[in-house]
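Understanding the architecture of this molecule
For reference, the chains in residue letters:
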Amino acid sequence: MTGRIEGKVALITGGASGMGLATVELFLAEGAKVVVADVDEEGGGALAAAHGDRLVFARCDVTVEADVAAAVDKARSAFGTIDIMFNNAAFPGPPTGILDMTTELWDRIMNLVLRGPMLGIKHAAAAMKKAGGGAIVNTASVAALEYGWGPIAYSTAKAAVLQLTRCAAAELAEHGIRVNAICPGVIATPIFARYLGLTGQAAENARQLVIRNAAKIQPLRQAGLPEDIARACLFLSSAESRFMTGTHLVVDGGLTVGDRHSWDPAAPAPVDHIGFTPEVIEKLNAGEMP
């Protein structure tokens, strides 16, 4: 099936790279017109030059309300409306724990990961309300569901994105606006290189390392790719998900199904982890203390 969002107008934050870029390319292939909102002027400008009148670029820092409002206005002035908003831009920040957390770092991550989607919802929904409806998709994370997949500030902010999604969905349903989220697992994007402070060929090598090793930590023996998230976003943005709002899709290759023993026969079960081996159980049944 093609053309699932034919004629729709989508605004995608963080659209110049990674999952955002994959979504831009898929949406264009499915017939949409796209506004790429990103701080990467070089990447965004190149996309605009490559796609003619079907794509425009808006230089946008999603933590700055005026930038987000201007990006929405650009969508309306360039294409007449906005039908889809993908709040995707984010960055995990350094691997700082709670004991070493500064208020400056905490606020920086909260502003990018949580304030950004809030502003995107606020301004896109105002335009969608006038147009009679629309679809908003937020990028959350498996880090929102369980700890260990991101730093504490990032994980906390992503969990809040899920609650923001639910609350906004409830408020906006009467205007025909659906709000949903995606929780990606380990996806091979440049975010890991940025997390490690790598650039150039080192960054590409880091991405290839993720592709090579990601399959080892999840049930599905293949790496998650930006295209996997793009397809989930397409589904949530199209009429195929018309009866879905206030929920989230987990796209993680089974990463969060449970303890490793649930999918790896070689891994010990929880009872083994805490010492309940067959030998111990036999002694307990005999009334002995192992």
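The model shown is predicted, which means the values in this text are computed figures rather than measured ones. (Residues numbered from 1 in each chain as written. Predicted model: local features only at pLDDT ≥ 70, side-chain atom pairs only at ≥ 80, totals over all residues. Heavy atoms only, no water.)

Another aspect to go through is the overall build of the chain. A count of helical and extended segments in the chain gives 10 helices and seven strands. When its C-alpha atoms are laid out on the principal axes, the chain stretches across 80 × 45 × 45 Å. Burial analysis of the chain (290 residues in total) assigns 46% to the buried set. Within the chain, counting contacts between residues at least 6 apart in sequence, those at least 24 apart form 67% of the total. Carbon and sulfur atoms provide 56% of the accessible area of the chain, an area that totals close to 14100 Å². If the 24 positive side-chain charges of the chain are averaged to one point and the 30 negative ones to another, these points end up 6 Å apart. (Helix = DSSP H or I, 4+ residues; strand = E, 2+ residues; numbered from the N terminus. Buried < 20%, exposed > 50% of the residue type's maximum accessible area, 1.4 Å probe, protein only. Contact = heavy atoms within 4.5 Å. Areas by Shrake-Rupley, 256 points an atom, 1.4 Å probe, with all protein chains shown as cover. Lys, Arg positive; Asp, Glu negative; His and termini not counted. Charge placed at Lys NZ, Arg CZ, Asp CG, Glu CD.)

Turning next to the domain arrangement of the chain. Each assigned domain of the chain is listed with its residue range as follows: domain 1 (9-187 + 224-258) and domain 2 (262-289). Placing a centre on the C-alpha atoms of domain 1 and another on those of domain 2 gives a separation of 45 Å. (Domains from an automatic or database assignment.)

Right, let's get into the pairing of strand β3 (residues 55-59). For β3, the buried fraction is high: four of the five residues fall into the buried class. One ladder, built from five bridges, connects strand β2 (residues 33-38) with β3; its direction is parallel. Its bridge partner being in β3, valine 36 is matched across the sheet by phenylalanine 57. Taking the sense of rotation as the criterion, the β-α-β connection linking β2, helix α2 (residues 41-51) and β3 turns out right-handed. (Pairing = 2+ DSSP bridges. Right-handed = clockwise from strand over helix to strand, strands pointing away.)

Counting 30 residues, the largest nonpolar core has Leu11, Ile82, Ile136, Leu172 and Val179 as the members making the most contacts within it. Every element with two or more residues in this core is listed here: β1 (9-13), β2, β3, α3 (65-79), α4 (103-131), α5 (152-172) and β6 (177-184). The element best represented in this core is α4, accounting for seven residues. For valine 179, the residues in contact, after removing those within four places along its chain, are Ile121, Ile136, Asn138, Thr165, Ala168, Ala169, Leu172, Thr245, Gly246 and Thr247. One finds Val34, Ile182, Ile187 and Cys233 within the second-largest nonpolar core, a separate group that totals 23 residues. (Core = buried A, V, L, I, M, F, W, Y, C linked by side-chain atoms within 4.5 Å.)

Before going further, it helps to spend a moment on the pattern of salt bridges. According to the stated counting rule, one finds seven salt bridges in the structure shown. In this structure, arginine 4 and glutamate 30 form a salt bridge, with 3.1 Å as the shortest nitrogen-oxygen distance. Of this pair, arginine 4 sits in the segment before β1 while glutamate 30 is found in the loop between α1 (18-29) and β2, placing the two residues 26 residues apart along the sequence. Accessibility expressed as a relative area gives 29% for arginine 4, which makes it partly exposed. Overall, the relative accessible area of 5% leaves glutamate 30 in the buried class. A salt bridge links arginine 59 to aspartate 67, with the shortest nitrogen-to-oxygen separation between them at 3.8 Å. Ionic contacts of the salt-bridge type, sharing partners, join the residues Arg4, Glu30 and Glu240 into one network. (Salt bridge = Lys/Arg side-chain N within 4 Å of Asp/Glu carboxyl O.)

Taken together, seven strands build an open sheet; the order of strands is β3-β2-β1-β4-β5-β6-β7 and the sheet is parallel. Each having just a single partner strand, β3 and β7 (248-251) make up the two edges of the open sheet. With strand direction ignored, the average angle separating the axes of adjacent strands in the sheet is 15°. Judged from the five bridges that link them, β1 and β2 form a sheet pairing that is parallel. Of the residues in β2, the one forming a bridge with alanine 10 is valine 34. Together, β1, β2, β3, β4 (84-87), β5 (134-139) and β6 form the strand contacts of α1, whose direction differs from that of β1 by roughly 170°. In the packing of α3 onto the sheet, the strands contacted are β1, β2 and β3, and the crossing angle to β3 comes to about 160°. (Axes fitted to C-alpha atoms, helices over the stretch in contact; angles between N-to-C directions.)

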